[in-house]
Amino acid sequence: MNELVGALGWLLPVAVLFLLFISGVRIVTEYQNGVVFRLGRYVGLKRAGFRWLIPFIERMVIIDLRTVARDVPPQDVITKDNVSVKVNAVVYFRVIQADKAVLQVEDYLYATSQIAQTTLRAILGQVELDDLLSQRERINHELQQVLDARTDPWGVKVSNVEVKHIDLPLEMQRAIARQAEAERERRAKIIAAEGEHQAAEKLSLAADVLSRNPATLQLRYLQTLVEITGGGNHTILPIPLEILRAFGAMSSRPRPPEEAREEEDEDASHGLS
């Protein structure tokens with residue numbers, strides 16, 4: 001009996017020590033850091049691996065070091081040119097100094113999300129709507145720089161900010177659609193005018209080439225007749241070019257002064273009558 005009591009007296013302290021040892025065991029994974037406090041005072045960081053804390057004296061706060069993606073809720077923004085839009089974004093950040101993320105801010109996730117919302121409204125309120133729609137990359141970079149500077153005291157690194165969606169009012173969507181349509185019509189007219197100008201230049205060059213040899217004009221005339229009759233049953237009465245040239249020369253010949261004077265007298269008599 002005395003031996004059993006002695007064995008229990010020896011095993012009880014061992015069991016208590018074993019339980020105390022087990023209660024102080026901590027496992028820190030590769031993507032985590034542990035911030036250790038001893039009696040409320042910060043004493044250092046624990047890296048990945050098997051760690052042991054003094055029970056009831058030391059406490060460890062685990063901080064995840066992986067990149068976190070947080071949606072920024074839709075924000076009502078008034079742009080520089082007084083257009084009301086609703087914008088949402090996504091922020092990518094991670095903790096690079098676990099001690100600061102615990103000591104300098106109460107909840108770094110909530111704080112980063114809130115400061116992202118205020119920064120989004122502040123930055124987008126300084127740009128015009130056209131820049132917001134066309135210069136998305138520059139605005140994202142500016143947002144990332146501002147957020148990174150503001151979260152640096154917390155040990156948080158903002159790696160990227162992306163504006164996901166811009167919700168425009170219905171009236172502004174119609175105005176942008178009309179503007180795009182007018183721009184396309186302007187481009188179409190410019191292209192048509194350039195085509196007419198180039199065609200006129202080519203026709204002028206072709207006329208110069210044809211005028212050098214009358215036979216080429218005759219061949220072109222015959223080819224045009226062939227193209228006209230190729231589309232169906234047509235009856236064509238070809239007129240020799242010499243007759244056309246003769247009529248043109250007669251119409252362009254200057255009239256004698258007597259005939260011109262007689263026509264002027266007839267016009268004057270008709271006017272008096």
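Residues numbered from 1 in each chain as written. Predicted model: local features only at pLDDT ≥ 70, side-chain atom pairs only at ≥ 80, totals over all residues. Heavy atoms only, no water.

Looking at an unreviewed UniProt entry, one finds the protein chain named SPFH domain-containing protein/band 7 family protein and attributed to Corallococcus coralloides. The UniProt entry for the protein chain carries this comment under Sequence similarities (unreviewed entry): "Belongs to the band 7/mec-2 family." The Subcellular location (unreviewed entry) field of the UniProt record for the protein chain holds the comment "Membrane". (UniProt positions renumbered as here; feature names shortened; annotations may be inferred.)

A.B. asks: Let's hear about the overall build of the protein chain: which residues, and what values?
C.D. replies: When helices and strands are tallied, the protein chain shows nine helices and eight strands. Going through the 273 residues of the protein chain one by one, you find that 23% of them count as buried. If you take every contact in the protein chain between residues at least 6 apart in sequence, the share linking residues at least 24 apart comes to 60%. Looking at the protein chain as shown, the accessible area adds up to about 19600 Å², and 57% of this sits on carbon and sulfur atoms. (Helix = DSSP H or I, 4+ residues; strand = E, 2+ residues; numbered from the N terminus. Buried < 20%, exposed > 50% of the residue type's maximum accessible area, 1.4 Å probe, protein only. Contact = heavy atoms within 4.5 Å. Areas by Shrake-Rupley, 256 points an atom, 1.4 Å probe, with all protein chains shown as cover.)

A.B. asks: Describe the packing of helix 3 (residues 108–124) against helix 5 (residues 136–151), with residues and values.
C.D. replies: Closest axis-to-axis distance for the helix 3/helix 5 pair is 10 Å, and the angle between their directions is 135°. On the basis of their axis angle, the class for helix 3 and helix 5 is oblique. Pair helix 3 / helix 5 crosses with right-handed handedness. The residues of helix 5 that touch helix 3, namely those facing Thr112, Ile115, Ala116, Thr118, Thr119, Leu120, Ile123 and Leu124, are Ile139, Glu142, Leu143, Val146, Leu147, Arg150 and Thr151. Classifying every residue of the contact of helix 3 with helix 5 gives nine nonpolar, four polar and two charged. (Axes fitted to C-alpha atoms, helices over the stretch in contact; angles between N-to-C directions. Parallel < 35°, antiparallel > 145°, perpendicular 65-115°, else oblique. Left-handed = near helix turned anticlockwise from the far one by under 90°. Nonpolar A, V, L, I, M, F, W, Y, C, P; charged D, E, K, R; others polar.)

A.B. asks: Give a detailed account of the pattern of salt bridges, specifying residues and quantitative values.
C.D. replies: Summed over all chains, the structure comprises eight salt bridges. Put simply, Asp64 and Arg66 hold a salt bridge, and the shortest N to O gap is 2.8 Å. On the basis of relative accessible area, Arg66 is assigned to the partly exposed category, the value being 45%. One network of salt bridges, with partners in common, ties together Glu183, Arg186 and Arg187. (Salt bridge = Lys/Arg side-chain N within 4 Å of Asp/Glu carboxyl O.)

A.B. asks: Explain the sheet that holds strand 2 (residues 32–38) residue by residue, including any values.
C.D. replies: One open sheet holds the three strands; their spatial order is 3-2-5, and the pairing between them is antiparallel. Across the chains shown, the open sheet's two edge strands, defined by having one partner strand only, are strand 3 (41–46) and strand 5 (58–64). Here the average twist between neighbouring strands, direction ignored, is 25°. Two elements, strand 2 and strand 3, share five bridges in a ladder whose sense is antiparallel. If you follow Val36 over to strand 3, its bridge partner there is Gly44. (Pairing = 2+ DSSP bridges.)

A.B. asks: Residues and numbers for the nonpolar core, please.
C.D. replies: Counting residues in hydrophobic clusters, the biggest one holds 36 residues, and the most contacted among them are Val85, Val91, Tyr108 and Leu132. Residue assignment for this core shows that the elements contributing at least two residues are strand 2, strand 6 (68–78), strand 7 (84–95), helix 2 (98–103), helix 3, helix 4 (129–134), helix 5 and strand 8 (156–167). In terms of residue count, helix 3 provides more of this core than any other element does, seven residues in total. Taken domain by domain, the makeup of this core includes at least three residues from each of domain 1 (20–64) and domain 2 (67–168). Those residues within four positions of Val85 in sequence are excluded, and the remaining contacts are Gln75, Asp76, Val77, Thr79, Leu129, Leu132, Ile166, Asp167 and Leu168. (Core = buried A, V, L, I, M, F, W, Y, C linked by side-chain atoms within 4.5 Å. Domains from an automatic or database assignment.)

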